[in-house]
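Structural overview for review
As a plain string of letters, each chain reads:
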Amino acid sequence: NLSLDNQGFPKSRSIKQIIFYLKYFILIREWFKEAQVAIPDEVNETINYLGQGYAFVWQNTKSDILFNGNNTSNNYEFDHYLKRFGYIFKNESRELGGYVILKNKKISLIMDIGNSPNSNFSKDYQSGAMSFEIISNGKKLISNSGYFSDKKNKLNKISKSTALQSTLIIEDNSSCSYQKTNEENYIIQKGCKITKKSIIHEENYWKISAEHDGYFQKFGSMHERQVEFYPEQTKFVGYDKISKKELSKNIKFDIRFQLDPSTKVMKTQDNKSILIELENEGWKFSCDKYDIHIDNGLYFGIKNSYKENQNIFISGITTTNDQIIKWEIIKL
């Protein structure tokens, strides 16, 4: 009751924590069986909830989604363990724990549309409200940058930054602010809330849209994101909207699209598009009305280590009270 919400998802919104809890609840259950002791209903019920969460975040995609403290894992061994002991979990939901996963046989679109957790559960939270990942044929096309979990290293705080996520940043500020505790943890001081959301998943049209208030107090602005997918064209269309509630000075924004270190990118001669090489796939990123760039960054997908990666970013300055930035990613 303390650590899990009413759907059995960790209140921290940590994917790694789901797997940790599930492993040990199953171990406890197997000990009850070995001791020939009646298994408490609460243990069975909790395993069922956690198992549904595990099916949602891992088994449905077979990919490590890099949100809120997660790294690449070795969950295949755990899958074999579950199969050997007869644990079968299924979850056909599209939304759980503040995450949305829409998928078909080739493409998965994952987006964080959940509130930031209460500060007591936020030591591994990363301020990536409305960040998203795209998986194509088992490979990451768009990724977040992962998490550096060593609390004594300055990279831990850096990995909590909004700039390390595939989302929008205003004036180089993150959507949440943090404070340091005596235990070297950075926990949320000021969080953000999702104020509206919508999900559509049809055979030939997907859409995820949401809005958060993480920039309202400091900049008087709301960030709304809409990502559409057209399966027949294998095309993503995104709209990032910055709504200022009052007439005020223009503000700088950046929208980053983090890439796996193995991805290769190249800007076209007209500076309007960026070509993405993902193993044997080719994709094109474009944004007509704004400058697009390629920048170097850090990737923390592997626990407590880092690699250099690249990211695509759109930069600009708002000129209206409702600034809409449209971008596209299409398969070649």
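Up top is the structure.
Here goes a summary of the coordinates provided. (Residues numbered from 1 in each chain as written. Predicted model: local features only at pLDDT ≥ 70, side-chain atom pairs only at ≥ 80, totals over all residues. Heavy atoms only, no water.)

One finds Phe236, Phe257, Phe285, Ile314, Trp327 and Ile329 to be the most contacted residues of the largest nonpolar core, which totals 43 residues. Dropping the residues within four chain positions of it, phenylalanine 236 is found in contact with Ile107, Leu109, Ile134, Val227, Glu228, Phe229, Trp283, Trp327, Glu328 and Ile329. Formed by 27 residues, the second largest nonpolar core is a distinct cluster that contains Leu4, Tyr54, Phe56 and Ile110. (Core = buried A, V, L, I, M, F, W, Y, C linked by side-chain atoms within 4.5 Å. Buried < 20%, exposed > 50% of the residue type's maximum accessible area, 1.4 Å probe, protein only. Contact = heavy atoms within 4.5 Å.)

Another point: the sheet that holds strand S18 (residues 307-317). Reading across from one edge, S6-S13-S18-S17 is the order of the four strands in this open sheet, with antiparallel pairing throughout. Each edge of the sheet is formed by a strand with only one pairing partner; in this case those strands are strand S6 (168-170) and strand S17 (291-299). Each strand of the sheet is rotated relative to its neighbour by a mean of 30 degrees, with strand direction disregarded. (Pairing = 2+ DSSP bridges. Helix = DSSP H or I, 4+ residues; strand = E, 2+ residues; numbered from the N terminus. Axes fitted to C-alpha atoms, helices over the stretch in contact; angles between N-to-C directions.)

If you trace the five strands from one edge of the open sheet to the other, you get S1-S2-S3-S4-S5, paired in antiparallel fashion. Sheet topology places strand S1 (95-96) and strand S5 (139-142) at the edges, where each strand pairs with a single neighbour. Pairing of S1 with strand S2 (residues 99-103), which is carried by two bridges, proceeds in the antiparallel orientation. Bridge assignment links leucine 96 to a residue of S2, and that residue is tyrosine 99.

So, on to the pairing of strand S13 (residues 252-258). Side chains on a regular strand alternate between the two faces of the sheet. Counting buried residues along S13, six of its seven residues qualify, which places the element largely inside the surrounding structure. Where S6 meets S13, three bridges bridge the pair, whose relative direction is antiparallel. What sits directly across from leucine 168, in S13, is isoleucine 255. In the sheet, S13 pairs with S18 via seven bridges, with the strands oriented antiparallel. Within the sheet, the bridge partner assigned to phenylalanine 253 lies in S18 and is glycine 316.

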